[in-house]
Structures are given as C-alpha cells and as structure tokens.
Amino acid sequence: MTGGGLAVGTVLLIEEDKYDTYSRLLFKFFLAEGIVSGHTLLVASAKEHPAGILQELPAPLLDDSYKKEFDEDECHKTPESDVKMKIAWRYQLLPKMEVGPVSSSRFGHYYDTSQKIPQELLETAKWHGFFLPEKLSSPGSIEPCHLTHGYMKLLEFIKSIISEEGFDGSHHQQTQKSILRIGIQNLGSPLWGDDVCCTETCGASHSLTTFLYVLRGLVRASLSACVITVPTHLIQNKAITARVKHLSDTVVGLESFIGSERETSALCKDYHGLIHIRQIPRLNNLICDESDVKDLAFKLKRKLFTIEPIAKLSAAQPEPGSPPLGSSLGPAGLRGTRRWQVQIWQHPGDINQSEDINQPIISPTRWLG
C-alpha cells in the first residue's frame, strides 16, 4: 500500500476519519505488531492512558488460523457475488487475482479484532508511556518558544528514551538491536493545548509544524519509526494542513462511509471506507515510484481488517473511448481484489508492476512490518 511498509527513520501521518474509528484501529495495529516483533514501544496520548491503549490491542493470529477467516469470508458471500460476470471474451483469459494471503511472501502478522492481546504477551513487552495530563501536573518554568508546553514535554521525553535506550547509536544496546516504535495519538487536537482545530488565525500556528520538524530530526537520527494520527479535517487553516503533510514522509488519509451517502450506496455496500495514499517516502531520492492502484477501500469483518483495490467511486462520466464503469472491471465496477501485506526491508527497491495491469507487485525495501 505504501511501497512495502514503514521505513526505519520515517514518520507516517494518518489523517483521522471523521469519528476516529478506523484510524484508532490502524494505530493499534502498529503497536501490536511492535509487541509481536519484540520492538520497544513509546506510546503518547493526551486522551487515553497508554496502559489502557495497550490493553485494547488486538490479538495476533500466530498460527494458520487467519486462513480460516478468509475461507469463512468466501463462504458467506451473498448470492449476488456468485453471479458470473458478463465481460468481453479477452478479459476472461486473464489470470484470476489472489483473494487470500500468500504464505510464501507473508511478512508481518494478522490480527483478530474481536479478541484482546493475551496478557502474558503484553507482560513481556517493553514500552514507555507518555500521558499528557500527568506531565502537566507540575508546569514549572517554560522558556518562550514556538512550542506548546505539551509538545515540549513530549519532545523531551522522546529524546530521553532514544538516548537512554541507545537507539541513537551513542552507546551499544544492552540486548539485541531493536527498533523503537513511536505512536502519537490525536496530535494537533485541543487536548494537546493546540488551537489549530479551533480557529483559522490561531495564536500558536507554528507550534504543530515546529514539533513535527524536530520530531522528524529525532526519528531520522535513530533506529525508530513513528506513526501519528492527526484530525486534519478539523484544522481550520488549510495552509497548516499542507505544511503538516510536507513535514511527514508518508501520508495516508482515511475516509469513513459512516454518515455519508456512500454508506447506503450499492457500489460501496461491501466496504466501510476509502484509504487515500497522499504521499509516500522518497528515500535517498528526489522522486518516488507510485503504484498504479491508488483506489483502495477497507472493510472491517467479524475478525479481520482488510484493504483491497476498488474502482473509482465517482459519479463522473467515463472519458471518450474508455470502457464504462463496471464493463471490464466486474460487477458494479469492482476490480478483482488482492490483499496487501507489510514487509521488512533489507535494501532499497522500487514499486514495480507486472505485465498484467491488475496484479501490482511490491518489491521489498527496508521496511518495518
């Protein structure tokens, strides 16, 4: 989806959906993968206590039980989905898409959203928590700067953890080398003392951008990766939104169908929202290759959260000479689906595409699962 996963030393920005439902779920997936992979976690929040967030993480499917979930999903399809597509004969010769995970290229793990992470696994995890209300109990003296008190406290906390745990390379780590996963929730919201979501001409307009600039420098110079969720739909000044995206390496936007017309649309009935890839990282390069499959939708099943390619959900008329929506892409314009997997990178690589335009292939680079 983002070129293979999250690269070490980069910042991933998740634009929260309207009700902060699915962005919170992706945030938990990032933390849960860190626990299963044996990474150190740094969880920062101004709303929920980090210990409570970890207690709500989904349970990993460490065996082949995830295959049963995909099989059950195929068995519970509606009769309409079993109707044979009437398409041009030349499209019938194309190979079928993968509808389940490929075990030979599996990286990362799958998670059961209906179950909580086992307590014994959580007890073995190494994590650090930053809960803003606890840090504001003794404000002390603050030097005048472009940062709010909450942002300054968080930067000091992140810098101390990176230095003390040896993630900056200042001294050898006591155990086997690991990765620091930094997760910051609801950044930019009024809970952090920031007013970018309250007024267009806010007094601390540079506070959020300054924080991201310093944070990016800390992550770049350490063995760490950072995921932040920001309610960009609430930021009044769109110029600040553009700067926030520019200061991030990867930007992913979530658009939920809850409360919208698409929630009852026949085209969107099998999905719960869209994922927009706003920006992917340019690692040691001035430009980046992008996948041709940019229209992605997600759905939350009984136990699994999946992301699949989907045809453009637009009411616009097709261009002259192009096939009408739904003719060559299957019923209701849906493409054949293929689920994406996160990978750990070893050396720089590009996003390539096979000869079949419906089968995008991702070659692994140095990515975190």
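Rules of the game
- Residues numbered from 1 in each chain as written.
- Predicted model: local features only at pLDDT ≥ 70, side-chain atom pairs only at ≥ 80, totals over all residues.
- Heavy atoms only, no water.
- Helix = DSSP H or I, 4+ residues; strand = E, 2+ residues; numbered from the N terminus.
- Buried < 20%, exposed > 50% of the residue type's maximum accessible area, 1.4 Å probe, protein only.
- Contact = heavy atoms within 4.5 Å.
- Areas by Shrake-Rupley, 256 points an atom, 1.4 Å probe, with all protein chains shown as cover.
- Core = buried A, V, L, I, M, F, W, Y, C linked by side-chain atoms within 4.5 Å.
- Expected span 1.5 Å × (residues − 1).
- Pairing = 2+ DSSP bridges.
- Axes fitted to C-alpha atoms, helices over the stretch in contact; angles between N-to-C directions.
- pLDDT = per-residue confidence, 0-100.
- Parallel < 35°, antiparallel > 145°, perpendicular 65-115°, else oblique.
- Nonpolar A, V, L, I, M, F, W, Y, C, P; charged D, E, K, R; others polar.
- Polar contact = N/O pair within 3.5 Å; in protein donor to acceptor, adjacent residues only side chain to side chain.
- Phe/Tyr/Trp six-rings, centres within 6.5 Å; stacked < 30°, edge-to-face > 60°.
- Lys NZ or Arg CZ within 6 Å of the ring centre and 35° of its normal.
- Salt bridge = Lys/Arg side-chain N within 4 Å of Asp/Glu carboxyl O.

Novice: Which parts of the structure should I look at to understand the overall build of the protein chain?
Specialist: The number of helices and strands found in the protein chain is 9 helices and 15 strands. For the protein chain, with 369 residues in total, the buried portion stands at 47%. Within the protein chain, contacts between residues at least 6 apart in sequence are counted, and of these 75% link residues at least 24 apart. Summed over its atoms, the accessible surface of the protein chain is roughly 19,500 Å², and 53% of this surface lies on carbon and sulfur atoms.

Novice: Just to check I follow, could you spell out the nonpolar core for this structure?
Specialist: A general feature of soluble globular proteins is that nonpolar side chains tend to end up buried together. Among the nonpolar cores identified, the biggest contains 37 residues, and Ile184, Leu187, Trp192, Phe211, Leu215 and Ile228 are the most heavily contacted of them. The set of elements that each furnish at least two residues to this core consists of strand E2 (11-15), strand E3 (40-45), helix H7 (149-164), strand E7 (180-184), helix H8 (207-220), strand E8 (224-230) and helix H9 (238-246). Among the elements that take part in this core, H7 stands out by supplying 7 residues, more than any other. For Ile228, the residues in contact, after removing those within four places along its chain, are Val11, Leu12, Leu13, Ile14, Ile184, Leu187, Leu212 and Leu215. Core analysis: the second largest hydrophobic core is formed by 30 residues, Ile14, Phe27, Ile35 and Leu122 among them.

Novice: How should H8 be read in this particular structure?
Specialist: Turn by turn, an α-helix covers 3.6 residues, leaving residues three or four places apart pointing in a common direction. Under the 1.5 Å per step criterion, the end-to-end length of H8 is 20 Å for 14 residues, consistent within 8% with the ideal 20 Å. Every buried residue belonging to H8 is among Ser207, Leu208, Thr209, Phe211, Leu212, Leu215, Leu218 and Val219, and all of these are buried.

Novice: Hey, could you run me through the sheet that holds strand E6 (residues 127-131) in this one?
Specialist: Note on sheets: strands pair through backbone hydrogen bonds, and any given pair is parallel or antiparallel. In spatial order, the strands read E6-E3-E7-E8-E2-E9-E10-E11-E12; together these 9 strands make up an open sheet with mixed pairing. Of all the strands in the sheet, just E6 and strand E12 (305-309) have a single pairing partner and so form its edges. Adjacent strand axes in the sheet meet at a mean angle of 20° when their direction is disregarded. Two strands pair when backbone bridges link them, and E7 and E8 are joined in this way by 5 bridges, in the parallel orientation. Across the sheet, residue Ile184 finds its bridge partner in E8, namely Ile228. Along the sheet, helix H1 (residues 22-36) makes contact with E2, E3, E7, E8, strand E9 (250-256), strand E11 (296-300) and E12, crossing E7 at roughly 160°.

Novice: In this structure, what is going on with the confidence of the model for the protein chain? I would like to understand it.
Specialist: Do not read the fine detail of predicted coordinates wherever pLDDT is low. When pLDDT is averaged along the protein chain, the result is 75; 63% of the residues meet or exceed 70. Below a pLDDT of 50 lies the segment residues 78-87, which in the model reaches 6 contacts outside its immediate sequence neighbourhood of four places, other chains included. In this model, residues 93-105 is a region of pLDDT below 50 whose contacts with residues beyond four sequence positions or in other chains number 26 contacts.

Novice: What is the right way to look at the packing of H8 against H9 in this model?
Specialist: Contact pair H8 / H9: the axes reach a minimum separation of 10 Å and the direction vectors enclose 5°. Accordingly, the angle class assigned to the pair H8 and H9 is roughly parallel. Contacts from Leu208, Thr209, Leu212 and Arg216 in H8 reach Arg243, Val244 and His246 in H9. Per-class residue counts for the contact of H8 with H9 are 3 nonpolar, 2 polar and 2 charged.

Novice: I'm lost on the side chain of Glu308 in this one. Help?
Specialist: Along the chain, Glu308 turns up in strand E12. A distance of 3.2 Å separates a polar atom in the side chain of Glu308 from a polar atom in the side chain of Tyr271.

Novice: What's the story with the packing of H7 against H8 in this structure? I'm lost.
Specialist: Between H7 and H8, whose axes approach to 11 Å, the crossing angle comes to 5°. Relative to H8, the element H7 lies roughly parallel. On H8, the residues touching Tyr151, Leu154, Leu155, Ile158, Lys159 and Ile162 of H7 are Ser207, Leu208, Phe211, Val214, Leu215 and Leu218. Tallied by class, residues from the contact of H7 with H8 come to 10 nonpolar, 1 polar and 1 charged.

Novice: Can you walk me through the packing of aromatic side chains in this structure?
Specialist: Taken as a whole and judged by the stated rule, the model has 8 aromatic pairs. An aromatic cluster is present here, built from Tyr22, Phe29, Tyr111, Phe298 and Phe305 joined pairwise through their rings. Sitting above the plane of the Tyr271 ring, Lys299 keeps its charged end 5.6 Å from the centroid.

Novice: Can you help me understand the pattern of salt bridges in this one?
Specialist: In a structure, side chains of opposite charge can pair up when their charged atoms sit close to one another. Applying the stated criterion across every chain, the model contains 10 salt bridges. A network of salt bridges, in which partner residues are shared, links Glu15, Lys245 and Arg278.

Novice: How should I be thinking about the environment of Leu132 in this particular structure?
Specialist: Turning to its location among the elements, Leu132 is positioned in helix H6 (residues 132-135). Taking relative accessible area as the criterion, Leu132 reaches 1% and is therefore assigned buried. A C-alpha to C-alpha distance of 9.3 Å links Leu132 and Tyr151, two positions 19 residues apart in sequence. When residues no more than four places from it in sequence are discounted, the contact partners of Leu132 are Ser45, Ala46, Gly150, Leu191 and Trp192.

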